[in-house]
Amino acid sequence: MYRSHNNGSLRASDINTEVTLSGWVQKSRDKGFMIWVDLRDRYGITQLIFDEERTSKDIMEQARTLGREFVIQVKGAVIERASKNPNIPTGDIEILVSELTVLNEALTPPFTIEDETDGGEDVRMKYRYLDIRRNPVKDSLIFRHKVAMEVRKYLSNEDFIEVETPYLIKSTPEGARDFVVPSRMNEGQFYALPQSPQTFKQLLMVGGMDKYFQIVKCFRDEDLRADRQPEFTQIDCEMAFVEQEDILNIFEGLTRHLLKEVNGVDVEKFPRMLYDDAMRLYGNDKPDIRFGMEFGELNEVAQHKDFKVFNSAELVVGIAVPGGNSHTRKEIDKLIDWVKRPQVGALGMVYARCNDDGSYKSSVDKFYDQEDLAKWAEVTGAKPGDLICVLSGDTNKVRAQLSALRMELAERLGLRDPKVFAPLWVIDFPLLELDEETGHYHAMHHPFTSPKPGQIELLATDPGAVKANAYDLVLNGNEIGGGSIRIHDKKTQALMFDYLGFTPEEAKAQFGFLMDAFQYGAPPHGGLAFGLDRLVAILGGQETIRDFIAFPKNNSGRDVMIDAPAAIDEDQLKELHLKVHA
Ligand code: ASP
């Protein structure tokens, strides 16, 4: 038996019992006549004591050879500590060691195994197994487990069945590139790894499974933006015989369950916002509504006044920064530089100070008098003491720019408190999105999403205006889930593929199996998927997902620990019928 207790469990009530413990040497202190060792495992730290008077000479000597991260086993008596440590649960006791076995020696780790480590990101990723010994990473993985378990508990209670779907499939379009796997047995043919189990979960509905979920890996070969992983985990869900309302209710329930069980937070009914309103009021389809600073559109009150920049703009839009009038001229100039950074891309920024006495002072006083500026304040909701920031230009661009500014200012003003949770449904997404480069429309969510009833005719005349039965769940400015009611008849699905530019042959080759299935009694159905990694990070009060993934990839999609991806040898290539072109 390696251990009778773990290193987090012994208390004063255990004093005088004989125990066996195993674990890693966190550190040791040698005072000559006395040696203390902190023994660590997943559960905590227990202090071991060796002393000249009570410990045999052999064991004293043996204890002196212990290095950091050695794996040891000890037997001994639980005794009361002379100086107690109130900071750890085992701080009242220590173990007077009578037997010591070194189970394995260890090299000195390349960074300290402490909460605050001296190891940089790269070295920690290379030795991730050592990083996982540290509390922040270990606790994040345990936290993730807890979230996943609560998900399974809630959904199982609601009669959902977890079904596994295959990884070796063919393309499921979610808007990214596929990772492909060559088939040895079928020369020149490839599997694609699922971007999501979308088509399979729909087939499960045709199969009568009714309520499905799966905590599942998905793979997307995207250019990696910060904090994206090429493989990530979804809580993937689908239900039959449901309308949008049913789905929103069930998954609002799941989210509320998680907030309650994991965070101890009760949240009121989630607000719902139309996509169009989200774009108009926040410039963003995943608004952070923990704070205000809603957009005010100023075209009516700011155009036709001789200020050319505004007159030629499609949209003039501003926000009121609470207390922003305290910014010095220099600070405002810095803010202007910030919006002009290439990542934001604004050409400039107009501002108006709202003085405490009710007067205004703007950067465009030449064109606008006090009465004009009072209207700006009314539209943006600015109060005395605030600063109105105004951007102008092409509607889509300027909304994105002002949204970036809004988030930045909120961050600086401390309005994005990670302990406050503000969930929100964004509904009625457009069905299609115009690809500016190609001039073609593509499915905003995916091609299986159904248009709102009665809107399918609009596809021919005004495709951009067609709304879908599609929804996103937003938490604190992050999209944590999204889904839709699906098309469930062959005719509409064929029409949809046609609008998306698939020839009937292409549609048949790629998705014939789904359209065939629709002919055998497909029930009305819909669903959604949560991004588990991000959900866990946000519930954990953080925005980076990496620490919540045991073995994440770096920003170039590499696993630096196992050194993947890597070349494969000539024989293997041959077997797969592949040639590498240098
Ligand atoms: N398959 C979708 C996605 O990965 C989710 C859904 O529509 O259920 O975003």
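Coordinates for the structure precede this section.
The structure displayed is predicted, hence computed values, not measured ones.

A. Looking closely at the overall build of the protein chain. A count of helical and extended segments in the protein chain gives 17 helices and 22 strands. Across its three principal axes, the protein chain shows a C-alpha extent of roughly 95 × 75 × 55 Å. Of the contacts formed within the protein chain by residues at least 6 apart in sequence, a portion of 66% connects residues at least 24 apart. When the accessible surface of the protein chain is summed, it comes to about 29200 Å², and 50% of that surface belongs to carbon and sulfur atoms.

B. Structural view of the sheet that holds strand S22 (residues 525-531). Read across the sheet, 8 strands follow the order S6-S9-S10-S22-S21-S20-S17-S11 without closing on themselves; strand pairing throughout is mixed. Whereas interior strands pair on both sides, the edge strands pair on one side only; in this sheet they are strand S6 (161-162) and strand S11 (272-274). With 2 bridges connecting them, S6 and strand S9 (residues 211-219) associate as parallel partners. Bridge pairing in S9 links Glu 162 to Phe 213. Relative to the sheet, helix H7 (residues 275-282) contacts S11 and strand S17 (423-427), its axis offset from that of S11 by approximately 85°.

C. Fine view of empty space enclosed by the protein. Scanning all chains against the criterion turns up 1 cavity of 30 Å³ or more. Here the largest cavity defines a volume of roughly 30 Å³. Forming the walls of the largest cavity are Met 125, Arg 128, Phe 551, Pro 552, Asp 559 and Met 561. Its residues assigned to classes, the lining of the largest cavity shows 4 nonpolar, no polar and 2 charged.

D. Expanded view of the sheet that holds strand S3 (residues 44-51). With respect to topology, 5 strands assemble into a closed barrel ordered S1-S2-S3-S5-S4, the strand pairing being mixed. Pairwise comparison of adjacent strand axes, ignoring direction, gives a mean angle of 55° for this sheet. Bridge count for strand S1 (residues 18-30) against strand S4 (residues 71-80) is 7 bridges, and the pairing is antiparallel. By the bridge assignment, Gly 23 is partnered in S4 with Ile 72. Docked against the sheet, helix H1 (residues 57-64) engages S1, strand S2 (34-41), S3 and strand S5 (93-104), running at close to 70° with respect to S5.

E. Expanded view of the environment of Glu 158. With respect to the element layout, Glu 158 can be found in the loop between helix H4 (135-157) and S6. When its relative accessible area of 28% is taken as the criterion, Glu 158 is described as partly exposed. A sequence separation of 53 residues divides Glu 158 from Lys 211, and the C-alpha atoms of the two residues are 8.6 Å apart. Excluding residues within four positions of it along the chain, Glu 158 makes contact with Lys 211 and Ile 250.

F. Summary view of the side chain of Thr 449. Along the chain, the position of Thr 449 falls in the loop between strand S19 (441-443) and helix H13 (458-461). Given the relative accessible area of 2%, Thr 449 is considered buried. With near-sequence residues (within four places) excluded, Thr 449 lies in contact with Leu 431, Ala 468, Ala 470, Ser 484, Ile 485 and Ile 487.

G. Fine view of the site of the ligand. Near the ligand, the surroundings consist of 14 residues, among which Glu 174, Gln 198, Lys 201, His 445 and Arg 486 are the closest. Take His 446: an N or O atom from its side chain is 2.9 Å from an oxygen atom of the ligand. Isolated, the ligand exposes 270 Å² of accessible area, and the fraction of that covered by the protein chains is 92%. Secondary structure elements with two or more residues in the shell around the ligand: helix H5 (198-206), strand S21 (478-485) and S22. By residue number, the principal contributor to the shell around the ligand is S22, which donates 3 residues. Grouping the constituent residues of the shell around the ligand by class yields 2 nonpolar, 8 polar and 4 charged.

Conventions and cut-offs
- Residues numbered from 1 in each chain as written.
- Predicted model: local features only at pLDDT ≥ 70, side-chain atom pairs only at ≥ 80, totals over all residues.
- Heavy atoms only, no water.
- Helix = DSSP H or I, 4+ residues; strand = E, 2+ residues; numbered from the N terminus.
- Contact = heavy atoms within 4.5 Å.
- Areas by Shrake-Rupley, 256 points an atom, 1.4 Å probe, with all protein chains shown as cover.
- Pairing = 2+ DSSP bridges.
- Axes fitted to C-alpha atoms, helices over the stretch in contact; angles between N-to-C directions.
- 1 Å grid on protein atoms, 1.4 Å probe; cavity = no way out; pocket = protein on both sides within 12 Å on 5 of 7 lines; lining within 4 Å.
- Points joined across faces, edges and corners; volume = space filled by probe spheres on them.
- Nonpolar A, V, L, I, M, F, W, Y, C, P; charged D, E, K, R; others polar.
- Buried < 20%, exposed > 50% of the residue type's maximum accessible area, 1.4 Å probe, protein only.
- Near = heavy atom within 4 Å.
- Polar contact = N/O pair within 3.5 Å; in protein donor to acceptor, adjacent residues only side chain to side chain.

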